[in-house]
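Listed here are the chains, written in short residue letters.
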Amino acid sequence: MERRRSSISPRLRWLRVVAVLGLLVLAFTSDAQVSCHPNIFGGEDCTSPEAPSSSRPNIFGGYDTTFPDGSRSSSHPNIFGGEDTTTPNGTIESKPNVFGGKDYRLPSGERIESRPNIFGGQDFTQPDGHVVGCRPNIFGGEDCR
């Protein structure tokens, strides 16, 4: 049985991950409910109960993202095959893991692990063990809960 590959580009998938992680970092104790879709700038627009975020590609091969509170982040590829995302709270570092997802180190030193799920999206396991599941939506983005 051949596995169906997502039509979403890896760069947009990474951007969605950064948006979800950013919202998790901003509202660590609340339930994350995020919905994203591509925008006309080559990035994504994401909505959540807190407020919307928006991103666009930057000259470093990553993305610049504006979060609900007006803060900004900037990402670029790192030597581990992941990306480093600089936020006002510090740097989020990522690298691929053996499960086909990524491991993220937050500015606080805590870790978030992602792995593919059966819905074609990713599950993010937070430091407290809570899992945020994401799946593709009809707009070409992902919904996360």
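Above this text sits the structure in question.
Residues numbered from 1 in each chain as written. Predicted model: local features only at pLDDT ≥ 70, side-chain atom pairs only at ≥ 80, totals over all residues. Heavy atoms only, no water.

1. Concerning the pattern of salt bridges
Here is step 1: Applying the stated criterion across every chain yields a total of two salt bridges.
Here is step 2: Taking the shortest distance from any N to any O, the salt bridge between Glu93 and Arg105 comes out at 2.6 Å. Within this pair, whereas Glu93 is found in strand E7 (residues 90–96), its partner Arg105 is found in strand E8 (residues 102–105), the two being separated by twelve residues in sequence.
Here is step 3: What makes Glu93 partly exposed here is its relative accessible area of 30%.
Here is step 4: With relative accessibility at 29%, the residue Arg105 sits in the partly exposed group. (Salt bridge = Lys/Arg side-chain N within 4 Å of Asp/Glu carboxyl O. Helix = DSSP H or I, 4+ residues; strand = E, 2+ residues; numbered from the N terminus. Buried < 20%, exposed > 50% of the residue type's maximum accessible area, 1.4 Å probe, protein only.)

2. Here's the deal with the state of the cysteines
Here is step 1: By the definition in use, this model includes two disulfides.
Here is step 2: Here Cys36 connects covalently by a disulfide to Cys46, the sulfurs 2.1 Å from one another. Taking the sign of the S-S torsion, about 110° here, the bridge from Cys36 to Cys46 comes out right-handed. In this pair, Cys36 sits in strand E1 (residues 34–38) while Cys46 sits in strand E2 (residues 44–47), placing the two residues ten residues apart along the sequence.
Here is step 3: A sulfur-sulfur separation of 2.0 Å characterises the disulfide bridge that pairs Cys134 with Cys144. Across the S-S bond of Cys134 and Cys144 the torsion is about 115°, and the bridge reads as right-handed. Residue Cys134 is found in strand E11 (residues 131–136), and its partner Cys144 is found in strand E12 (residues 142–144); the two are separated by ten residues along the sequence. In this pair, the class of Cys134 matches that of Cys144, namely buried.
Here is step 4: The connectivity of the disulfide-linked cysteines in the chain, indexed sequentially, is 1-2, 3-4. (Disulfide = S-S within 2.5 Å.)

3. Section: the nonpolar core
Here is step 1: With eleven residues, the main nonpolar core is built from Val34, Cys36, Cys46, Ile92, Tyr104, Leu106, Ile112, Phe124, Val132, Cys134 and Cys144.
Here is step 2: Counting only elements with at least two residues in this core, the list comes to E1 and E11. (Core = buried A, V, L, I, M, F, W, Y, C linked by side-chain atoms within 4.5 Å.)

4. Side note on the side chain of Asn39
Here is step 1: Structurally, Asn39 can be placed in the loop between E1 and E2.
Here is step 2: Only 2.9 Å separates the side chain of Asn39 from the backbone nitrogen of Gly43, close enough to count as a polar contact.
Here is step 3: Not counting residues up to four positions away in its chain, the partners in contact with Asn39 are Glu44, Asp45, Ser54 and Ser55. (Polar contact = N/O pair within 3.5 Å; in protein donor to acceptor, adjacent residues only side chain to side chain. Contact = heavy atoms within 4.5 Å.)

5. Quick word on the environment of Glu93
Here is step 1: Taking the C-alpha atoms as reference points, Glu93 and Asp103, separated by ten residues in sequence, lie 8.2 Å from one another.
Here is step 2: Beyond its immediate sequence surroundings of up to four residues, Glu93 is in contact with Glu83, Asp84, Asp103, Tyr104 and Arg105.
Here is step 3: Side-chain polar atoms of Glu93 contact the side chain of Arg105, separated by 2.6 Å.

6. A word on the sheet that holds strand E5 (residues 72–77)
Here is step 1: Read around the closed barrel, the twelve strands follow the order E1-E2-E3-E4-E5-E6-E7-E8-E9-E10-E11-E12; overall the barrel is antiparallel. Looking at each pair of strands side by side, their axes are set apart by 20° on average, direction ignored.
Here is step 2: Examined bridge by bridge, E5 and strand E6 (residues 83–87) share four bridges and lie antiparallel to one another. Residue Ser75 lies in a different strand from E6, and its bridge partner there is Thr85. (Pairing = 2+ DSSP bridges. Axes fitted to C-alpha atoms, helices over the stretch in contact; angles between N-to-C directions.)

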